[in-house]
2 protein chains.
Amino acid sequence: MAQQDTVEKILHAATLLFSERGFSETSLRTITGMAEVNLAAVNYHFGSKKALIQAVFARFLRPLGEKIDLRLDAASANGPDVSLDTETLLEMLFEEILAVTEELGEDPQRFMRLLGLAYTQTQEHLRHYIVEHFGETYHRFIALLEKSLPQHTPIQFYWRLYFMMGAAVFTLSSFEAIRSILNADYEQDTTMVEAIDMMVPSMVGLLSSPDD
Amino acid sequence: MAQQDTVEKILHAATLLFSERGFSETSLRTITGMAEVNLAAVNYHFGSKKALIQAVFARFLRPLGEKIDLRLDAASANGPDVSLDTETLLEMLFEEILAVTEELGEDPQRFMRLLGLAYTQTQEHLRHYIVEHFGETYHRFIALLEKSLPQHTPIQFYWRLYFMMGAAVFTLSSFEAIRSILNADYEQDTTMVEAIDMMVPSMVGLLSSPDD
DNA sequence: TGTACATCAGTGAACGCGCGTTCACTGATGTAC
DNA sequence: TGTACATCAGTGAACGCGCGTTCACTGATGTAC
């Protein structure tokens, strides 16, 4: 068995289990059991549980950052002061999230749940890791989003950005729960793509409605 | 020492520590250490760690439910088909959350963080407990909120409700982090009440903006 | 071509540690007669 | 009023368990001469 098989099997199982249960609720024994590899293989390949958690995020965030940088580079080819509107920026972000998860063969909902967990669970090392490895693209994207909403003061923009992130992370990471309630109470099925299509206009409304 | 002292000391320390670290990341030894009571006192008074987690929520949710029921009763005294507008309902909810936390001598932010954790951490017993003991008032409130937004289909309303809950829980539970970034980047301090004042109009906008 | 050695993915068993829980016990207070 | 008993909040020490990590080892593959 090639090394990549074991590493990839561990990353896939860890993505699945971490997104379902959280980090400290998931043991290495559960992960290696599901991946059908030896318990010691995690420490052999990654060094520690913390490093495995970071690797799970790097698997998504590295290609996502590259894709977004490419899109922003392409947009700025026309001139140095790019200006994209709010909706275009949000749609671009969701498109690339869906593209990355599809290439990795993972469910996009799992990735959104992981992002939510990175914010809400106590994993200081993880937040540092994400800022260090993904902060540049993040700030580049946020700066363009702010530019697309010139009506706000920086502080108003900042609050609304957080409201939006909360709505997006919470909704997409609880997608399966919301979906099953919709099924039970309204006899209506829904897909992640439909949820995003419903969410983008709401997000734009939330971001662009006038101050006070 | 009267029983209430020990019980209350445990509940206070647990509220503080759970909201900061999460449930499985907080050990009974840490809680009893901070509360300055014996380790075995938790199992003596509450029976188990799970029961302690539920008691921490009951301490907030029981009085909150009672207060909201009273407010809704008072509003419906004028006639059986109450109709309150969206903003009034949201303001009422936040007012009562602030009132309850003040009476308990706890920081409202901790309570919001606990609510967020109840959604995002794996604690099935807790979600069952909350629905069982607080579900009635919750559904009564949501029904009135839906009534205040007649322009939406039930499904549209349902999605927007989730967007709003995500934005509220995420923002208020990350309040301290947001506050310190605002301080550092914009040299501006902010309070929880100001954040809520800024949030309510955004929430109303998010809920009431037209479909598609 | 053959032999000796190095590299490296992977393994099985054990390590110490912190966890939630249990249990026999204490000592103060209240109750019955 | 005095004595025996019951109740109950609280305690100290130990329990077994699952955890992340470590370590000596294996066996296959590649490299040097």
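So, about the relation of the copies chain A and chain B. Rotating chain A by 180° and moving it 0.0 Å along the rotation axis overlays it on chain B with an RMSD of 0.0 Å. Taken together, the rotation and translation describe the operation of a two-fold axis. Within chain A, the C-alpha atom positioned nearest to the axis of rotation is that of Ala167 of chain A, 2.2 Å from it. Of all interface residues in chain A, 97% are interface residues in chain B too; the two copies therefore contact each other through one and the same surface.

Attention now goes to the interface of chain A and chain B. With 36 residues of chain A at the interface, the matching set in chain B holds 35 residues. Both sides of the chain A and chain B interface together cover about 3,800 Å² of buried area, and 72% of this is carbon and sulfur. Where chain A packs against chain B, one counts zero salt bridges. If you look at where chain A meets chain B, you find two residue pairs in polar contact (both at pLDDT 80 or more). For the side of chain A that touches chain B, the secondary-structure elements that each account for two or more residues are α1 (3-21), α6 (108-120), α8 (154-173), α9 (175-186) and α10 (192-208) of chain A.

With that settled, the discussion passes to the protein's contact with DNA strand C. As a structural note, the neighbourhood of DNA strand C is formed by 18 residues, with Thr6, Asn38, Tyr44 and His45 of chain A together with Arg29 of chain B the closest of them. What you see for DNA strand C is that sugar and phosphate hold 57% of its atoms within 4 Å of the protein. Here Asn38 of chain A contributes a backbone N or O atom positioned 3.3 Å from a phosphate oxygen of DNA strand C. Taking Ser27 of chain B, its side chain carries an N or O atom lying 3.2 Å from a phosphate oxygen of DNA strand C. Taken together, the elements giving at least two residues each to the surface near DNA strand C come down to α1 and α3 (41-45) of chain A together with α2 (28-35) of chain B. Per-class residue counts for the surface near DNA strand C are seven nonpolar, eight polar and three charged.

All names here are of chain A. As for its position among the elements, Thr26 is in the loop between α1 and α2 (28-35). What makes Thr26 buried here is its relative accessible area of 0%. Ignoring any residue separated from it by four or fewer positions in sequence, one finds Thr26 in contact with Leu17, Phe18, Arg21, Ile31 and Lys49.

With that settled, consider the protein's contact with DNA strand D. Near DNA strand D you find 18 residues, and of these Leu28 and Arg29 of chain A together with Thr6, Tyr44 and His45 of chain B are the closest. Near the protein, meaning within 4 Å, the atoms of DNA strand D are sugar or phosphate in a fraction of 57%, with bases accounting for the rest. Side-chain polar atom of Thr6 of chain B to a phosphate oxygen of DNA strand D: 2.5 Å apart, as the coordinates give it. Looking at the surface near DNA strand D, the elements that each hand over two or more residues are α2 of chain A together with α1 (3-21) and α3 (41-45) of chain B. A per-class count over the surface near DNA strand D returns seven nonpolar, eight polar and three charged.

Looking now at the packing of helix α6 (residues 108-120) of chain B against helix α8 (residues 154-173) of chain B. Residue and element names in this part refer to chain B. Where α6 meets α8, the axes come as close as 8 Å, and the angle between the chain directions of the two elements is 130°. If you check the angle between α6 and α8, you find them oblique. The two elements α6 and α8 cross, and the hand of that crossing is left-handed. Touching Gln109, Met112, Arg113, Leu115, Gly116 and Tyr119 of α6 are Met165, Ala168, Val169, Leu172 and Ser173, all from α8. A per-class count over the contact of α6 with α8 returns seven nonpolar, three polar and one charged.

Below, the discussion takes up the domain arrangement of chain A. Residues and elements named next belong to chain A. Domains assigned within chain A are domain 1 (1-47) and domain 2 (56-208). Placing the centre of domain 1 and that of domain 2 at their C-alpha centroids yields a distance of 26 Å. Listed by partner, the interface residues are 12 residues for domain 1 and 12 residues for domain 2. Between domain 1 and domain 2 the total buried area reaches about 1,100 Å² when both faces are included, carbon and sulfur atoms providing 59% of it. Of all residues in domain 1, Thr15, Ser19 and Phe23 bury the most surface against domain 2, accounting for 54% of the area lost on that side. Linking domain 1 to domain 2 there are two salt bridges. Arg59 is the salt-bridge partner of Glu8, the closest N and O atoms lying 2.9 Å from each other. Applying the counting criterion to the domain 1 and domain 2 interface returns four residue pairs in polar contact (both at pLDDT 80 or more). Each residue belonging to the side of domain 1 that touches domain 2 can be placed in one class, and the counts come to five nonpolar, four polar and three charged.

All names here are of chain A. Between helix α4 (residues 49-76) and helix α7 (residues 124-147), the least distance of the axes is 10 Å, while the angle of their chain directions is 15°. When the axes of α4 and α7 are compared, the pair comes out roughly parallel. For the element pair α4 and α7, the recorded crossing hand is left-handed.

Our next topic: empty space enclosed by the protein. Considering all chains together, one arrives at four cavities of 30 Å³ or more under this definition. Here the largest cavity is characterised by a volume of approximately 110 Å³. Lining of the largest cavity is provided by 13 residues; of these, Thr120, Val169 and Phe170 of chain A together with Thr120 and Phe170 of chain B occupy positions nearest its centre. Looking at the lining of the largest cavity, its residues break down into five nonpolar, eight polar and no charged.

Attention shifts here to α9 of chain A. Residue and element names in this part refer to chain A. Here α9 spans 16 Å end to end across 12 residues, near enough to the 16 Å set by a 1.5 Å rise per residue. Every buried residue of α9 is listed here: Phe175, Ile178 and Leu182. Taken end-on, α9 shows its buried residues confined to a sector of 65°, consistent with a single buried face. Glu187, located one to two residues past α9, shows a positive phi value of around 50°.

Conventions adopted
- Residues numbered from 1 in each chain as written.
- Chains lettered and ligands numbered in written order.
- Predicted model: local features only at pLDDT ≥ 70, side-chain atom pairs only at ≥ 80, totals over all residues.
- Heavy atoms only, no water.
- Least-squares fit on C-alpha atoms with pLDDT ≥ 70 in both.
- Contact = heavy atoms within 4.5 Å.
- Buried area = accessible area lost by both parts, 1.4 Å probe.
- Salt bridge = Lys/Arg side-chain N within 4 Å of Asp/Glu carboxyl O.
- Polar contact = N/O pair within 3.5 Å; in protein donor to acceptor, adjacent residues only side chain to side chain.
- Helix = DSSP H or I, 4+ residues; strand = E, 2+ residues; numbered from the N terminus.
- Near = heavy atom within 4 Å.
- Nonpolar A, V, L, I, M, F, W, Y, C, P; charged D, E, K, R; others polar.
- Buried < 20%, exposed > 50% of the residue type's maximum accessible area, 1.4 Å probe, protein only.
- Axes fitted to C-alpha atoms, helices over the stretch in contact; angles between N-to-C directions.
- Parallel < 35°, antiparallel > 145°, perpendicular 65-115°, else oblique.
- Left-handed = near helix turned anticlockwise from the far one by under 90°.
- Domains from an automatic or database assignment.
- 1 Å grid on protein atoms, 1.4 Å probe; cavity = no way out; pocket = protein on both sides within 12 Å on 5 of 7 lines; lining within 4 Å.
- Points joined across faces, edges and corners; volume = space filled by probe spheres on them.
- Expected span 1.5 Å × (residues − 1).
- Arc of directions from axis to C-beta.

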